[in-house]
Amino acid sequence: MNYKSNVLVAPSLLSADFSRLGEEVDAVQDAGADWLHLDVMDGNFVPNITIGPPVIAAIKRCAEVPLDVHLMIDRPERYVKDFQSAGADILSIHPEACVHLHRALVEIRDSGMKAGVALNPSTGICAIENVLAELDIVMVMTVNPGFGGQSFIPTMFPKIKAIRKMIDESGYDILLEVDGGVSPKNSSELTKAGVNVLVAGSAVFGTRSYKVSIDNIRNGRVM
Ligand code: DX5
Ligand code: ZN
């Protein structure tokens, strides 16, 4: 897959109807989802509890696109193998939850997955500066993690641009992903700032046509 050819849209299943998860996965894939974004929360690192490896393994059975697993859990290094076995293709962890970030990223890659770091809104970009060689994805949180349907924090734009510059100057092949409050209203500004992957939960699953919503997010068209 050529990750860099265009803007990728990764619908977040957190806003899907969990009683019909398989159908929701099929629907969003038919609608053009490039990745499936799966939010794992432990009730400690964030004030919410969601899904774990068994549900991810079930999603994997009907997935045709890469699983982009976002771990919002304390000490995520404890579960790298479990998520790899469950079928994660990309595993993103938070530096705020992980003391030995470098070691954890190396372990993720050694397990055959792409390695990502997700930064809370308050976390500075220096958190990734010494691990760029170990990274495939940098994910900028544009809400405080824990819930879908929150408002995009516009003051994250300078941070997104600074990370874009950092990646470009590094010469490494790293994708820039944004998660939280993404919609057709802000997606064109995000892609202009150099974002490669747009995560969107409520702006896809909260609408009638997943295809129209994904297309509008990708193309930055406001209806
Ligand atoms: C928030 C999650 C997001 C969330 C995005 O903690 O990491 O992936 O599902 O949902 P929206 O797009 O509704 O903000
Ligand atoms: Zn997420």
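About the criteria used
Residues numbered from 1 in each chain as written. Chains lettered and ligands numbered in written order. Predicted model: local features only at pLDDT ≥ 70, side-chain atom pairs only at ≥ 80, totals over all residues. Heavy atoms only, no water. Buried < 20%, exposed > 50% of the residue type's maximum accessible area, 1.4 Å probe, protein only. Helix = DSSP H or I, 4+ residues; strand = E, 2+ residues; numbered from the N terminus. Pairing = 2+ DSSP bridges. Right-handed = clockwise from strand over helix to strand, strands pointing away. Near = heavy atom within 4 Å. Polar contact = N/O pair within 3.5 Å; in protein donor to acceptor, adjacent residues only side chain to side chain. Areas by Shrake-Rupley, 256 points an atom, 1.4 Å probe, with all protein chains shown as cover. Nonpolar A, V, L, I, M, F, W, Y, C, P; charged D, E, K, R; others polar. Donors = N, O, S within 2.8 Å, 3.2 Å for Na, K, Ca; no water. Tetrahedral: all angles 85-135°; square planar, octahedral: opposite > 155°, others 65-115°.

Moving on, we get to the pairing of strand E5 (residues 114–119). For E5, the buried fraction is high: 5 of the 6 residues fall into the buried class. Alignment of strand E4 (residues 90–93) against E5, held across 4 bridges, turns out to be parallel. In the strand pairing of E5, Ile90 is matched with Lys114. Handedness of the E4-helix H4 (residues 101–110)-E5 crossover: right-handed. As paired strands, E5 and strand E6 (residues 137–141) are joined by 4 bridges and run parallel to one another.

Moving on, we come to the site of ligand 1. Neighbouring ligand 1 are 20 residues; Ser12, Gly149, Asp179, Gly201 and Ser202 lie closest to it. One nitrogen or oxygen atom from the main chain of Gly201 is found 2.8 Å from an oxygen atom belonging to ligand 1. Contacts to ligand 1 include Ser202, whose side-chain N or O atom sits 2.6 Å from an oxygen atom. If ligand 1 stood free it would expose 380 Å²; the protein chains cover 100% of that surface. For the shell around ligand 1, the secondary-structure elements that each account for two or more residues are strand E2 (36–41), strand E3 (67–72) and strand E8 (197–200). Among the elements that line the shell around ligand 1, the one with the most residues is E2, at 3 residues. Looking at side-chain class alone, the shell around ligand 1 contains 8 nonpolar, 10 polar and 2 charged residues.

Here we come to the coordination of the zinc ion (ligand 2). Bound to the zinc ion (ligand 2) are the protein donor atoms His37 (NE2), Asp39 (OD), His70 (ND1) and Asp179 (OD), situated 2.0 to 2.3 Å from the metal. Metal-centred angles of 71 to 170° between the 6 donor atoms at the zinc ion (ligand 2) mark the site as octahedral. Each donor residue of the zinc ion (ligand 2) lies on one chain, and together they are spaced H-x1-D-x30-H-x108-D. Taken together, the residues His37 in strand E2 and His70 in strand E3 connect sequence positions 33 residues apart.

Geometry only, nothing functional implied.
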